Amino acid sequence: MAKLVKGTVVPRPIAWISSVGKSGVFNLAPYSYFNVISHNPIMFIISIGKGSNVGKDGDKDTLANIKETGDFVINMVSASLAEQMQISSGVYTREESEFEKSGLTPIESNLVTAPRVKEALINMECKLNRVMELGDFNQVIGELECFHINDEVYMENDKVNYEVYDPIGRMAANYTFVRDLFFPGGE
Ligand SMILES: Cc1cc2nc3c(=O)[nH]c(=O)nc-3n(C[C@H](O)[C@H](O)[C@H](O)COP(=O)(O)O)c2cc1C
């Protein structure tokens, strides 16, 4: 059933999470069990599978870093960054940085220790609210502390230029563009 659910509850947004642990290595990985769950305060949920990529025990690097520092950045994925996002999902040890593997640039955040992805058009600095264990997953709930949006994407009255932003979503193991906007009953 899980495969059918992943194939039908679509498209899923992708949180491209940058984080850093005490060792100082910049980590980056995509998570599509992700959504915004509240706007006052603005909160996100990300569901991280139990077990690290390099062994059954231990947390994935993203979760380990978030637990150590209490913060992370959600970078949003534009179509032009899809390949680099895919590279960053590979299995690497905690000492290896996905920023280097994917040729991306870490830049300092304003309010959190985690770096931001310079090339991403939207970065959201978050502080950890809580981690909840649920079956085989850890639910990470974080609160938005600082929102960065590229000048070309930002439009008057807090509207978004989707042509520039060009976000992608996850469909089972594939991806989809989010390009055809419509309003039911509208033109
Ligand atoms: C588009 C995409 C979405 C993913 N979503 C999730 C997810 O929601 N939860 C999860 O545990 N792993 C997810 N993964 C797998 C992680 O990205 C992968 O295990 C990664 O290596 C974790 O890296 P880390 O150990 O540096 O955190 C996803 C992978 C891709 C490519």
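Note on numbering: residues in each chain are counted from 1, in written sequence order. Whole-chain, interface and lining totals are the exception, using all residues; otherwise, since this is a predicted model, local features are given only for residues with pLDDT of at least 70 and side-chain atom pairs are given and counted only at 80 or more.

## Examining the overall build of the chain
Looking only at helices and strands, one finds five helices and 13 strands in the chain. Within these notes, the globule rule equals 2.2 Å times the number of residues to the 0.38 power, and the radius of gyration is based on C-alpha atoms. Computed over the C-alpha atoms, the radius of gyration of the chain is 16 Å, within 12% of the 16 Å expected from 2.2 N^0.38 for a compact globule of 187 residues. Oriented by its inertia axes, the alpha-carbon framework of the chain measures out at about 55 × 40 × 35 Å. Exposed residues have 12 or fewer other C-beta atoms within 10 Å of their own C-beta, buried residues have 20 or more, and residues in between are partly exposed; the C-beta atoms are placed from the backbone. Relative to its full complement of 187 residues, the chain shows a buried share of 30%. Put simply, of all contacts in the chain between residues at least 6 apart along the chain, 60% involve residues at least 24 apart. A run of H or I in DSSP counts as a helix once it spans at least four residues, and a run of E counts as a strand once it spans at least two, with each numbered from the N terminus. Whether two residues are in contact is decided by their C-beta atoms, placed from the backbone, lying within 7 Å.

## Observations regarding the sheet that holds strand E2 (residues 26-31)
Strands are treated as partners if at least two bridges between them are detected by DSSP. Strand order in this open sheet of seven strands is E2-E1-E5-E8-E9-E4-E3, and the pairing throughout is antiparallel. At either margin of the open sheet sits one strand with a lone partner, and together these are E2 and strand E3 (34-39). Ignoring which end each strand starts from, the neighbouring axes of this sheet average 35° apart. Across five bridges, strand E5 (residues 71-75) lies against strand E8 (residues 122-134) in antiparallel orientation. If you follow Ile74 over to E8, its bridge partner there is Met124. The angle between two axes is taken between their N-to-C directions and runs from 0 to 180 degrees, where each axis is a line fitted to C-alpha atoms and a helix contributes only its stretch in contact. Lying on the sheet, helix H2 (residues 61-69) is in contact with strand E1 (15-20), E2, strand E4 (42-49), E5, E8 and strand E9 (137-149); it crosses E1 at an angle near 55°.

## Overview of the pairing of E4
Pairing geometry for E3 and E4, over five bridges, is antiparallel. Looking at the pairing, Ser38 lines up with Met43 of E4. Between E3 and E4, which pair antiparallel in sequence order, lie two residues. By the bridge criterion, seven bridges tie E4 to E9 in an arrangement that is antiparallel. Bridge pairing in E9 places Phe44 opposite Gly142.

## A closer look at the confidence of the model for the chain
The pLDDT averaged across the chain works out to 96; a share of 99% of its residues lies at or above 70. Per residue, pLDDT captures the predictor's confidence, and it can take any value from 0 to 100. At the low end of the mean pLDDT range in the chain sits helix H1 (residues 2-8), at 95; at the high end sits E5, at 99.

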